[in-house]
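# Survey of secondary and tertiary structure
If you want the building blocks of each chain, they are given just below.
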Amino acid sequence: MKLGERLRLIRKEKKLTLKDLSQLADLSVPYLSEMERGVVNPSVETLHKVAKAYNMTVKDLFSGVEELGEPTRNTYPTGFESFLMDFESSYGTINDDWKELLLKINFRGRRPSSQTEWLELYLSLKRILSPKEEKVNDPKKHVIKLVQNTVREYSSTQVPNFGEICTGLGLDVQEVSLPDGIDGMHRGRTIFINSRIQNEERKRFTQFHEVTHYLIEKDGDLISDLHDTTWNQDDGYERQLEQFCNIGAAEFLMPRKIFAGLYKEREFNVELIPYAARYFGSSTIATTLQLAQIAPNSCITAVCALIDKDKSTKQKLHITYSASSPSTKYLLAKYTEIPGDHLIKQAFSQTEPVEGESYVPFRSGKKMPCYCEALADGDRIYTLFHLTPPPNLDQLMLIPD
Ligand SMILES: [Zn+2]
């Protein structure tokens, strides 16, 4: 039976008209008609909607479907063969039924056209068709769990060593010359690090960033969820994936348990940024990111620097990096200018941190009152914007690990 025939049969059994189904599944009558006639290949999202309308799984829809429409082609579409080779060399064989299915289904409204898109389609289908449908509720937590499990399994030390993690995961690492702006990449089980990276901290961050890419890809759940939530945004998928890999890298370099131990000894304040960076041998940017992830209150962490953004006027203080704690829904955009009257500017004339009531200078011009801390380090300023009061040492003792 062809897929279209099967869909028609189910509808007849359920005694529904195309119009009924159209309302239940939120799809147009002409489109549903074309689908049943086998004129169009439905997308994953469409199949999901139809299955939901019938109170069935996508797998049920395919039950008894042997032929999906067009005959099997002799040549594969772009990217398909490299996807197969790459995937199979790392994770195992994809059987013919699966290949057939992949070739018939659209992804984000069209046929996949690159190796990455084929992989995304495969992972998403696999999740929909697998019996247990586990949703990733909190993607950041999910990434952190992946990292923590990896460290627990393969590392002999609390702060893991890159070589040991790679050996454990069976990853091959190659230092090669990559174009400027690309610090690293990975294909299957091989990680490539740009041999031109001079800065040791940046290199370590890149190494673990790529390991996290591998972990996320192998896990699959997160990727499926990501494209469910970002599939109508242009670059949302890539951007979010990169952010998750940065969070993973920070967790590898500065395990939260140890980091939290530092601030329980020293209080949660802005001085932790340079202190923890030295302690873990990581960059202050990575430390700023991880500090936000483990913050005990709602806060935004940031690095500000004097930059000449307009290339004509004089250097002005801007946000060059910022991160928000998990309980904070506000983001401070990169290159937001710090107004001349802002408290944190005073940090430049001090060797000690400055602090006091001030505000978050959003790019929109909106000022949100908050308690600020700032510490100068050469030509940059580390900053904490506390949206809720920072806990004191006694309160920190009460926070469970
Ligand atoms: Zn990346």
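The notes below deal with the structure included here. The model shown is predicted, which means the values in this text are computed figures rather than measured ones.

Within strand β6 (residues 354–361), six of the eight residues are buried, which leaves the element mostly enclosed by the surrounding structure. In this sheet, strand β7 (residues 367–377) lies alongside β6 in antiparallel orientation, the contact comprising eight bridges. Residue E357 lies in a different strand from β7, and its bridge partner there is Y371. The turn joining β6 and β7, which pair antiparallel and follow one another in sequence, is formed by five residues; a positive phi near 100° is taken by G365.

So, on to the pattern of salt bridges. Applying the stated rule across the entire model yields seven salt bridges. Note that D180 and R196 form a salt bridge whose closest N and O atoms lie 3.8 Å from each other. Here R196 lies in the loop between β3 (190–194) and α11 (200–219) and D180 lies in the loop between β1 (172–176) and β2 (184–187), a separation of 16 residues in the sequence. Between D183 and R202 there is a salt bridge; the shortest N-O distance is 2.9 Å. Of this pair, D183 sits in the loop between β1 and β2 while R202 sits in helix α11, placing them 19 residues apart in sequence.

All right, on to the packing of aromatic side chains then. Tallied over the entire structure, the rule returns 14 aromatic pairs. Taken together, a centroid distance of 5.8 Å and an interplanar angle of 45° make the contact between F83 and F87 tilted. Residue F83 and its partner F87 are located together in helix α6 (residues 80–91), separated by four residues, close to a single helical turn. Arranged with centres 5.2 Å apart and planes meeting at 80°, the rings of Y263 and F268 form a pair that is edge-to-face. For the pair formed by Y263 and F268, the shared burial category is buried.

Below, the discussion takes up the coordination of the zinc ion. Taken together, H209 (NE2), H213 (NE2), E242 (OE) and E242 (OE) make up the full set of protein donors to the zinc ion, lying 2.1 to 2.6 Å away. Here the zinc ion is ringed by four donor atoms whose angles at the metal span 53 to 127°, and the overall shape comes out irregular. As a motif over one chain, the donors of the zinc ion read H-x3-H-x28-E. In this pair, H209 is assigned in helix α11 and E242 in helix α13 (residues 236–253), connecting sequence segments 33 residues apart. Assessed through its relative accessible area of 31%, E242 is described here as partly exposed.

Right, let's get into the sheet that holds β2. Pairing is mixed across the open sheet formed by three strands, whose spatial order is β1-β3-β2. Only two strands of the sheet have a single neighbouring strand rather than two, namely β1 and β2. Across the sheet, the mean angle from the axis of one strand to that of its neighbour is 20°, orientation sign disregarded. Strand direction decides the pairing type here: β2 and β3, joined by four bridges, are antiparallel. Residue R187 lies in a different strand from β3, and its bridge partner there is T190.

With that settled, consider the side chain of D183. Of note is the side chain of D183, whose polar atom sits 2.9 Å from the side chain of R202. Excluding its chain neighbours within four sequence positions, the residues that come into contact with D183 are L178, F192, I193, N194, I197, R202 and T206.

With respect to the secondary-structure elements, I165 resides in helix α10 (residues 162–169). Sequence separation between I165 and T388 is 223 residues, and the spatial gap between their C-alpha atoms is 37 Å. Those residues within four positions of I165 in sequence are excluded, and the remaining contacts are T150, V151, Y154, S155, P160, F208, V211 and F252.

Another aspect to go through is the environment of P179. Looking at the element boundaries, P179 is found in the loop between β1 and β2. For the pair P179 and N194, spaced 15 residues apart in sequence, the C-alpha separation works out to 8.0 Å. Setting aside anything within four residues of it in sequence, one finds P179 in contact with N194 and R196.

This part takes up unusual backbone geometry. Even without being glycine, K15 reaches a positive phi, approximately 55°. Structurally, K15 can be placed in the loop between α1 (3–13) and α2 (18–25). We note that Y335 has phi near 70°; this positive angle belongs to a residue other than glycine. Structurally, the position occupied by Y335 is in the loop between β5 (316–324) and β6.

A few words on the nonpolar core. Among the nonpolar cores identified, the biggest contains 91 residues, and L61, F62, F83, V211 and I216 are the most heavily contacted of them. No other element matches α13, which puts nine residues into this core. Ignoring sequence-local partners within four residues, the contact set of F83 consists of I94, L102, Q115, W118, L119 and Y122. Of all hydrophobic cores here, the second largest spans 19 residues; its members include L332, L343, I344 and I381.

Reading the values: the criteria
Residue numbers restart at each chain and count upward from 1, following the sequence in its written direction. Note on the predicted model: pLDDT of at least 70 is required for a residue's local features to be given, and 80 or more for side-chain atom pairs to be given and counted; whole-chain, interface and lining totals, by contrast, use all residues. Note that the side-chain values use all heavy atoms of the structure and ignore hydrogens as well as water. A simple rule labels every residue: compare its accessible area, found with a 1.4 Å probe on the protein chains alone, to the largest value its type can have, and call it buried under 20%, exposed over 50%, or partly exposed in between. The way it works is that DSSP assigns letters per residue, a run of H or I at least four long becomes a helix, a run of E at least two long becomes a strand, and they are numbered from the N terminus. Strands qualify as paired when DSSP identifies two bridges or more between them. For this document, the term salt bridge refers to a Lys or Arg side-chain nitrogen within 4 Å of an Asp or Glu carboxyl oxygen. For this analysis, a ring pair means two rings from Phe, Tyr or Trp (six-membered ring only for Trp) whose centres lie within 6.5 Å, classed as stacked if their planes differ by under 30 degrees, edge-to-face if by over 60, and tilted for the remaining angles. Shown as donors are all N, O and S atoms within 2.8 Å of a metal ion, widened to 3.2 Å for Na, K and Ca; because water is not in the atom set, sites may appear incomplete. Sites are called tetrahedral only when four donors show all angles between 85 and 135 degrees, square planar or octahedral only when four or six donors show opposite pairs over 155 degrees and all other angles between 65 and 115, and irregular in any remaining case. Every axis corresponds to a line fitted to the C-alpha atoms, with the helix fit spanning only the stretch in contact, and the corresponding angles, defined between N-to-C directions, vary from 0 to 180 degrees. In protein, a polar contact means a hydrogen-donor-capable atom and an acceptor-capable atom, both N or O and within 3.5 Å, with residues adjacent in sequence counting only if both atoms are side-chain atoms; elsewhere, any N or O pair within 3.5 Å suffices. Here a residue-residue contact requires only that any non-hydrogen atoms of the pair lie within 4.5 Å. Residues belong to one nonpolar core when they are buried, are Ala, Val, Leu, Ile, Met, Phe, Trp, Tyr or Cys, and are joined through side-chain atoms within 4.5 Å.

Treat this as a map of the structure, not an account of what it does.
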